[in-house]
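# Per-entry structural report
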Amino acid sequence: MHARVDEEITFRKLETLIAFMETGNLARAAERLEVSTVSVHRALHSLEVGVRCALFRHEGRNLHPTEAAHALAEVAREVLHSMSAGIRSTREVAGYSADRIRIGSLYSLTIRTVPAVLVHMKVREPSLETELVLGSNADLLQKIRDGAVDAALMAVPEGAADIVSEPLFEDDIYFAAPAGSRYAALDRVDLSACCDENFVSLKEGFATYNGFVEAFRVANFTPNVVMKTGDIFSLMNLVSGGIGCTLLPGRVRDVFSQKVQLIPLAPRYLMRQTLGLSFLRTRERDPNLLALLAVCRSAKAELA
């Protein structure tokens, strides 16, 4: 059984000892640690009490380290290094990583929102490695809960008590048709007049899919969906190719602006998505997530 370490010996006091040994005097050690010289002196004296032997010789107002102080400082460096590595490993197991952050995103947010966030994160935390994971809203929510991503840029989930969300912007849903279609001259599209139209859609789990289903519930008919796809850019290609019409969020307007036209829906079909940053409530003190949250808040004007 190991001998018990005296309660006077703490990590903070060992850091003080190392600072004193490396700087050579109380004043410079205090400056490095951003404390008073009195605090440094007390910490060093407390270590002597804890190890029960003299660590310094007093010559006037000066302290001179003994061989015992050098021995303790060498051990202190090993102990602090091991504890730092242990804390880092523990955080990584818990998904609380100091040198890497995994950000989930909807495909549609890679047009503008994701690049803006990544650029600002690189400026704020240049040493932080960033991994991007794409998926549907349902996928991303599950990945947050499983620890597969640290946070996600997504449609704010409803009724998720375990999730913290920071709303960033809102986006309306539009009727999407090939450029030059018979809908091109309309100011508004009434879905109830489109019952003979072919449609394409995203698969279940995407935020826009949920809006698609709700809109046609209001229109009181089941659309003829001829094809479903797993990402919004493929969906837009299907529309531009004349396979069918669909509903799309305004944020993708500029992607195929020469091939796909977004037209407002009639007022009774109006739907609005709230997009934001979401992460587990249990991780709201994670410094990486706090940095990401600060970036998103400061860059809101660039994200929509």
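See above for the structure.
Predicted model only: the values in this text are computed from it and were never measured.

Any two side chains of opposite charge can pair, given that their charged atoms come close. According to the stated counting rule, one finds 17 salt bridges in the structure shown. Where Arg297 meets Glu166, a salt bridge forms, and the shortest distance between an N and an O atom there is 3.3 Å. With a gap of 131 residues between them, Arg297 in helix α9 (residues 287-298) and Glu166 in strand β6 (residues 163-178) connect regions that are remote in the sequence. With relative accessibility at 15%, the residue Glu166 sits in the buried group. Across the pair Arg272 and Glu170 runs a salt bridge whose closest N-O atoms are separated by 3.8 Å. Of this pair, Arg272 sits in strand β11 (residues 272-280) while Glu170 sits in strand β6, and the two are 102 residues apart along the sequence. Linked by salt bridges that have partners in common, Arg102, Asp150, Arg283 and Asp286 make up one network.

Counting 36 residues, the largest nonpolar core has Val117, Leu153, Leu277 and Leu292 as its most contacted members. Residue assignment for this core shows that the elements contributing at least two residues are β3 (100-105), α5 (113-124), α6 (137-146), β5 (151-155), β6, β11 and α9. Of all hydrophobic cores here, the second largest spans 21 residues; its members include Phe20, Leu55, Ala73 and Ala76.

A word on the packing of α5 against α9. α9 packs onto α5 with a crossing angle of 125° between their chain directions and a minimal axis gap of 9 Å. Relative to α9, the element α5 lies oblique. When you trace α5 past α9, the crossing you get is right-handed. Between α5, through Val117, His120, Met121 and Arg124, and α9, the contact on the second element is made entirely by Asn288, Ala291, Leu292, Ala294, Val295 and Cys296. For the contact of α5 with α9, the residue count by class is seven nonpolar, two polar and one charged.

Here the focus is the pairing of strand β2 (residues 62-65). Of the strand pairs in this sheet, strand β1 (residues 56-59) and β2 are connected by four bridges, and their pairing is antiparallel. Bridged to Glu59 within β2 is Asn62. Once β1 ends, the chain turns through two residues before running back antiparallel as β2, passing Gly60 with a positive phi of about 70°.

A word on the environment of Leu44. Turning to its location among the elements, Leu44 is positioned in helix α3 (residues 37-51). Taking the relative accessible area as the measure of exposure, Leu44 reaches 1% and is therefore buried. Sequence spacing of Leu44 and Ile232 is 188 residues, and the spatial spacing of their C-alpha atoms is 63 Å. In contact with Leu44, not counting residues within four places along its chain, are Thr16, Leu17, Phe20, Leu26, Phe56 and Leu63.

Once that is clear, we can look at the packing of aromatic side chains. Overall, the coordinates contain seven aromatic pairs when judged by the stated rule. Consider the rings of Phe20 and Phe56, whose centres lie 5.5 Å apart with planes at 85°: the pair is edge-to-face. Residue Phe20 is found in helix α1 (residues 11-23), and its partner Phe56 is found in strand β1; the two are separated by 36 residues along the sequence. Considered together, Phe20 and Phe56 belong to a single accessibility category, that of buried residues. Taken together, Phe175, Tyr183, Phe199, Phe212, Phe216 and Phe221 form an aromatic cluster joined through their ring pairs. If you follow Arg253 out to its NZ or CZ, it ends over the ring of Tyr174, 4.7 Å from the centre.

Conventions we followed
- Residues numbered from 1 in each chain as written.
- Predicted model: local features only at pLDDT ≥ 70, side-chain atom pairs only at ≥ 80, totals over all residues.
- Heavy atoms only, no water.
- Salt bridge = Lys/Arg side-chain N within 4 Å of Asp/Glu carboxyl O.
- Helix = DSSP H or I, 4+ residues; strand = E, 2+ residues; numbered from the N terminus.
- Buried < 20%, exposed > 50% of the residue type's maximum accessible area, 1.4 Å probe, protein only.
- Core = buried A, V, L, I, M, F, W, Y, C linked by side-chain atoms within 4.5 Å.
- Axes fitted to C-alpha atoms, helices over the stretch in contact; angles between N-to-C directions.
- Parallel < 35°, antiparallel > 145°, perpendicular 65-115°, else oblique.
- Left-handed = near helix turned anticlockwise from the far one by under 90°.
- Contact = heavy atoms within 4.5 Å.
- Nonpolar A, V, L, I, M, F, W, Y, C, P; charged D, E, K, R; others polar.
- Pairing = 2+ DSSP bridges.
- Phe/Tyr/Trp six-rings, centres within 6.5 Å; stacked < 30°, edge-to-face > 60°.
- Lys NZ or Arg CZ within 6 Å of the ring centre and 35° of its normal.

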